[in-house]
Structure formats: structure tokens, C-alpha cells
Amino acid sequence: MRARLSAAVLSALVFWACGAEAQAPLTAVRVRGAGPIVEPTASVWKQSRAVKVAMLPQTVTPPQKPDAAIKELVVRAIHNGGWVAFLIEWRDPTLSNRIVLDNFGDQVAVQLPLDPKGAVPSPMMGNAGGRVNIMQWRAAFQNDIEVGPPTVQGLYPNAWADVYPDELMSAADARPYTGALGLENPISRGVATAVLDQMAEGWGSMTVKPDQHALGRGTWRDGVWRVVITRPMVSDDVNAPRLLPGDRTVAGFAVWEGGNREVGARKAWAPWVPLVIGR
Amino acid sequence: MAKVYNWQIGREMDYPYEGKRPEKQFGMIFDTNKCIACQTCTVACKTTWTTGRGQEYMYWNNVETKPYGYYPLGWDVNILDKLGVQEMGGPVYQGKTLFDAAPTGEVILGYLPDDIDYAHPNIGEDDCTGLMTQGAHLTMPHMQWMFYLPRICNHCTYPACLAACPRQSIYKRPEDGIVLLDQSRCRGYRECVRGCPYKKVYFNAHTRVSEKCIGCYPAVEGGRQTQCTMTCIGKIRIQGFLDAPDKVSEDNPLDYLVHVKKVALPLYPQFGLEPNTYYIPPIHVPPAYLRQMFGWGVEQAIATYRKVSEDPKLLGALTLFGATPEISHYFRVDGDSVVGYDAKQAEIARVPIKEPVVIREVYDSKHRAFRTNIT
């Protein structure tokens, strides 16, 4: 198992090396203002230069989706000295924000090495000792915030149940009947933001951080997603990158087309893109 | 892939993790000849575990009519079709397991059902294979037939759900072999739903993660059988623990029925998961169908079962079904009774193998009343 993992990481790094040559660098242009930058249609984005990022189907570790739908992202980056933000755009003819068994949600993620000045981790969610910060925006979470969290009646209008435990008992007593929600599994609901602030050291190790700093918002119009993911450049979170003007690091991207049943490892990903934090 | 030994197919096979058997293995035996599909087990499970939001469609325990009943729709014929025709000879199975047949980039051959496949939990109920023409009478095996198949999670020795999960959210307990899905760790990828050929992992759209049968582990930890077993009014089930075939204990009722008498058989052993719920096959169903479903020991199992009246120990083991809410770790036949013992060898059940016959007078002189012809 370990041998297979090493071989896969090696092949991923080779991919990265090849990809890095052709990939134009992404520069986070310094803009005026303060506080989080979450609006995808803000005029401030015109100050940044768009970079096309070619997306590859994830075919290194199982499970795979060789026919991953999204082939290209258009990415812009800016910062205001306090927050760095990425605007990611891609064509997606189907809006997927309803999660049921056979419906998957649209998602996009930005990945940053935890240590911008250290050795570059594996682009495939990091590696042991090479921790990465992965900020993942979810269309379903955004729908939770804008429309409300999913209800059974909302997902299945004709569903009917006589009574639920939480209608008969106190919330505390009914908690064992609420599954992952009762355990506050962060995958269940988008609470305050549509972006999950996470860390990983390789496949299968993705962990939602106890401290959530990332924010974001997306709009879907005319078959195009425009999603902003932003985070503080400096924080007291030991599992967050510390980005300063003038830093040179890398950024990785992954995207999931829910309409193509993409989820988890069944996704399109991009090798590291050089990232410059403008002065 | 590691090489693991699967005794049900009589050979080593590929599995993503090293083979390590639990200290003891949760197991269950169903006598399909006694099941009447009353769904008491289904309701007991439902009211105990899956009354919450998003669990409305979940039946961790269900009973379906074979051959035309399925939950979800077509679960077994779909995966059999994908696996293709295999040589079903034994004792060493030469065909492909679902792990052998995994497509490139997958851990196992599987498929994700559609939501609509769960729309009819009792589809095919009581549907027979065909009509009996006028003047026809049944012979053995029946020319037109159906039977009831009760199902729970098989708590497989080599679970496909566990193998398919890319982030190890599913684990098999070393102390009893029960397979659990960590509700804190799951991220709702549904790889387990796709991978499990028995479709016994369910996605909860309200919590956005998957859920499955927990083998009633709080009861089992306390020495009691599962809800579906305890409530079975037909006494068709027994739940306990199974030993590996090289450590068979003849006084363990599950070992005795599965390993010694070989009267209870696994469900679709060719899939390669070493499932740990076992079925006494229905004696009236054509063996060709049963061989596909329960493996190559079907004819022998039916022959043994049909002679049960001549075998006091086998009769005793079968009489333990539904005899006690507690788990019988051991049993022995004592005269006209079968006795069940717990893990500490304390007696927990004593049941007459042959029910005493009491004949009552038609006229009750004490109450000055005639008795009607009821038992």
C-alpha cells in the first residue's frame, strides 16, 4: 500500500514539474480596501490579470473520474494587505446545489502550502509532513445560507412522516436520532460561510479545521460559475499559511461538476500554479 | 492489494487491506423456510434506529420476496449482470470476485443506485414466478415459486464499503467484527453505497453523510441479540458469533449450523466479501436459482435440512432460534430439551425440542362450556 502511495505521489510530482513549466504565474495584485473580499462581481477584480488553469481528471488514486467534465478554470487573485482572494470562473451548464443520493453538488477548491517558504508539498492534497490548507467552496452550502438548510419536505415534496423524535423529545434527548448533525459533522451544513477551511497531509486525510477563517461566495449565471474564495493573509491559526506582500509560493485548484456525479477523489485537479503576492 | 483468505470461496483473493480476523465475528442465521415476511423485524429496526429526518427510506433490515422483490430496485440482478457469467463451482470458486472485476481506477466493481430505486420498498411482494395452470399440482422443487429473503448488513469479513471509502470512515471492530460508519468522519462521497453489492449502506440527504446497520451493538455488547432477531415472531433467526473455519467450536450454535452441518449458507459468496449472515435455503425452490444466490452447497444443505427430524443435535440448534433474547454462545442437547448458555457458560434458555401435546376434552364440565376447535 505504502509503495503504491509513494509511486503515485512521485507521478503526481512529475506531473507538477511538467505542468509548472507551461503554467503562467498567478499574481495577487494589491488593491485598496480592507476586510474580506467576497463579491465575485466587484469591479476591483478588473485590476487583476486572469490566468487560465488547465484541469486534469484525477487518475492517480482510486476512485477516479476519467471523464471529469471541467477542463479549464480562469483564475484571478487580489489582496488588500489583510485578505487574499481568488476569483475562479468556469463553464458549467448545470447548477447543482441539491444533494440527494444521486445528485452531487458543484464545488471548487484552492490549495495553499502551509509553509510558503518551505519545500513544496505534493500537489495532490499534500503529503506526510507537507501539510496544505484547502479552502473548498460548496454550491450546496451557499444554497443553505441563501435559501435555508435542506429539509426532507424541501428535498422530497411528497415525503411524509408521522412524527420525528425531535417533535416528541427535548433536543438533547432527540440528539441520538440526528446522526451526523448531532455530532456537528461540518460536512452536514454550511453554517456561516459556503467555504470549508481545511487541512490535509495526503489522500484521505482531509480535516476541517477547528478555526474557520475562509469566506467566499459564488454566482451562477448563463452557465458560468464565478466563485470567490478568500482568507486572512495572517492569522493566529497554526494550520493556516502566512502570506506577506512579496511572497512567492504556489496554489493548487480542484473542481467538481456535480452534474457529472463528481465528488471526493472523482474530480478535476490542477498541478501547482506559481503564486506571487504583489507588493 | 493484499492477499486474504476467504473460506467461503475456498481461496485467497485480493483485498485492499491486510486480512485480520476479529476476535469473534458477529453473525446471524435465517431459516428462510420459516419466514412469512410479516416485517416485524423491519419495524423493530425502523422504530429503534431510523426514525430521524433523512432516514425515512432507510431499512437497515428489510424482507423482500424473491425472485421479484428488491430493495433497492434490482440490487442483486444489477450487480450480477455487471459481474457477468461466472463459473459457480466449488469448493474452490474459480470465477471473479467483485474485487477481481474492479475496473481501472476503482477498488471494486459497483454501481450507485438512483434515488428512484428506493421508491418501492416492498415491490414484488408475494409475486410468484408464474401461474399454475388448471389441473397442475405442486411437486418438489416447486415449478412456480417464491420465498422471503430477510436482509441486514452482512458485517462482512472483507467489507466492500470499508474498502471503497477513500478516507477510512468505515471500520470493522476487532472485538466483534461489527462494521460501523463513523458519522463524524464521513464526507458523504457515497463510495460505500456504490461499493456495497448488497446496498446496505444508505445516504442520508438531510445530514449529507451515509449511514448503515450497526448490528445493534449496544445490545450485543450487553449479551443480547439484535432487535430484528429478538422480535421475530416466526423465530426464524438466531444471532451470535461465528468462529473462523479453522477454529470451529461444535457447541457454538452458529459454528455448528454453518461450519459443521453446512446447512446455513452465505448470500452471494461469489462477490468475495465473506458475508456473515447465513441462510438456510428454501427447500421448495429450484436449486439452479439457489446456487447462484447461496453458492454450491445448496443441494447438500437442503438434503441435511430435510432430514432434521433424524438429527437431535441439529434439531436442538434450530430450536434455539427465538428461544431467548440473549446471545447463545454455547448449546447442548439435554434429553428432550436444548439448552443455551451465555459467554460464561451460564444457562440462559432451556427449550423442549418437541412441544408437549395436550388434548383437552371438548366439554369443560367445570365451566359448563363447550370448547371450540382451537389450539
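Above this text you will find the structure in question.
To keep things clear, this report deals only with the structure shown in the data block.

Conventions adopted
Residues numbered from 1 in each chain as written. Chains lettered and ligands numbered in written order. Predicted model: local features only at pLDDT ≥ 70, side-chain atom pairs only at ≥ 80, totals over all residues. Helix = DSSP H or I, 4+ residues; strand = E, 2+ residues; numbered from the N terminus. Rg over C-alpha atoms; globule rule 2.2 N^0.38 Å. Buried ≥ 20, exposed ≤ 12 C-beta atoms within 10 Å, placed from the backbone. Contact = placed C-beta atoms within 7 Å. Pairing = 2+ DSSP bridges. Axes fitted to C-alpha atoms, helices over the stretch in contact; angles between N-to-C directions. Nonpolar A, V, L, I, M, F, W, Y, C, P; charged D, E, K, R; others polar. Arc of directions from axis to C-beta. Core = buried A, V, L, I, M, F, W, Y, C linked by C-beta atoms within 7 Å.

A word on the overall build of chain A
- When you go through chain A residue by residue, the secondary structure sums to 5 helices and 13 strands.
- Since a compact globule built from 279 residues should have a radius of gyration of about 19 Å, the 19 Å found for chain A is in line with a globular shape.
- Split into buried and exposed, the 279 residues of chain A put 46% on the buried side.
- Restricting the contact set of chain A to residue pairs at least 6 apart, pairs at least 24 apart contribute 70%.

Some points on the overall build of chain B
- In terms of helices and strands, chain B carries 10 helices and 17 strands.
- Computed over its C-alpha atoms, the radius of gyration of chain B comes to 21 Å, within 12% of the 21 Å expected for a compact globule of 375 residues.
- Seen through its principal axes, chain B has C-alpha atoms that stretch 80 × 60 × 45 Å.
- Here chain B holds 375 residues, and the buried ones make up 48% of them.

So, helix α10 (residues 312–319) of chain B
- Buried within α10(B) we find L314(B), G316(B), A317(B), L318(B) and T319(B).
- Packed against the buried residues of α10(B) are β3 (25–31), α7 (253–260), β13 (330–334), β14 (337–341) and β15 (347–352) of chain B.

As for the sheet that holds β14(B)
Residues and elements named next belong to chain B.
- In spatial order, the strands read β13-β14-β15; together these 3 strands make up an open sheet with antiparallel pairing. Each edge of the open sheet is held by one strand with a lone partner, namely β13 and β15. Mean inter-strand twist for the sheet, computed between neighbouring axes without regard to direction, equals 20°.
- In terms of strand pairing, β13 meets β14 through 5 bridges, oriented antiparallel. Bridge pairing links D334 to S337 in β14.
- Across the sheet, α10 touches β13, β14 and β15, and the angle it forms with β13 is around 125°.

Things to note about the interface of chain A and chain B
- Between chain A and chain B, the contact holds 31 residues from the first and 30 residues from the second.
- Considered class by class, the residues forming the side of chain A that touches chain B number 22 nonpolar, 8 polar and 1 charged.

A word on the sheet that holds β3(B)
Residues and elements named next belong to chain B.
- In space, the 4 strands of this open sheet follow the order β10-β3-β12-β11, with mixed pairing throughout. On the outer flanks of this sheet lie β10 (237–242) and β11 (265–266), each paired with one strand and no other.
- Both β3 and strand β12 (residues 277–280) contribute to a ladder of 4 bridges, which runs parallel. If you follow M28 over to β12, its bridge partner there is T277.
- Docked against the sheet, α7 engages β3, β10 and β12, running at close to 90° with respect to β10.

Points about the pairing of strand β13 (residues 268–277) of chain A
Residue and element names in this part refer to chain A.
- With respect to burial, β13 is a largely interior element, 8 of its 10 residues being buried.
- As paired strands, strand β3 (residues 56–57) and β13 are joined by 2 bridges and run antiparallel to one another. Directly across from L56, in β13, lies its bridge partner W269.
- Where strand β12 (residues 248–256) lies against β13, 7 bridges are found, and the strand directions are antiparallel. Paired with F253 across the two strands is A270, which belongs to β13.

A short note on the environment of W75(B)
Residue and element names in this part refer to chain B.
- Within the secondary structure layout, W75 lies in helix α2 (residues 75–83).
- For the pair W75 and R151, spaced 76 residues apart in the sequence, the C-alpha separation amounts to 12 Å.
- Not counting residues up to four positions away in its chain, the partners in contact with W75 are Y70, Y198 and K199.

Some points on unusual backbone geometry
All names here are of chain B.
- Of note, the amide linkage connecting Y71 to P72 takes the cis form, showing an omega dihedral of 0°.
- Mapping P72 onto the fold places it in the loop between β4 (62–66) and α2.
- Cis geometry is adopted by the peptide bond preceding P91, which originates at G90 and carries an omega value of 5°.
- Tracing the sequence through the fold places P91 in the loop between α2 and β5 (147–151).
- Even without being a glycine, Q39 presents a positive backbone phi close to 70°.
- If you check the backbone angles, K262 has positive phi at about 50° while not being a glycine.
- Note on placement: K262 falls in the loop between α7 and β11.
- K262 sits in the partly exposed class, given 13 other C-beta atoms within 10 Å.

Observations regarding α2(B)
All names here are of chain B.
- Every buried residue of α2 is accounted for by W75, D76 and I79. Within α2, the buried residues cover an arc of 90° as seen down the axis, which keeps them to one side. Residues of α2 that are exposed and point more than 90 degrees away from the buried face comprise V77 and D81.
- Downstream of α2 by one or two residues, G84 has phi in the positive range, about 85°.

Brief notes about the environment of H79(A)
Residues and elements named next belong to chain A.
- Looking at the element boundaries, H79 is found in strand β4 (residues 72–79).
- Along the sequence, H79 and A161 sit 82 residues apart, while their C-alpha atoms lie 50 Å from each other.
- Once residues lying within four places of it in the same chain are set aside, the contact partners of H79 are A28, R30, V84, A85, M233, I277 and G278.

Describing the nonpolar core
- Formed by 165 residues in total, the largest nonpolar core has its most connected members in I229(A), F253(A), V255(A) and C161(B).
- Those residues within four positions of V255(A) in sequence are excluded, and the remaining contacts are M55(A), I70(A), L73(A), W90(A), V108(A), K267(A) and A268(A).

Overview of the environment of Q55(B)
Residue and element names in this part refer to chain B.
- On the secondary structure map, Q55 appears in the loop between α1 (40–49) and β4.
- With 24 C-beta atoms packed within 10 Å, Q55 lands in the buried category.
- Separated by 149 residues in the primary sequence, Q55 and N204 have C-alpha atoms spaced 6.2 Å apart.
- Those residues in contact with Q55, other than ones at most four positions away along the chain, are T50 and N204.

Any functional reading would require information beyond the geometric quantities listed.
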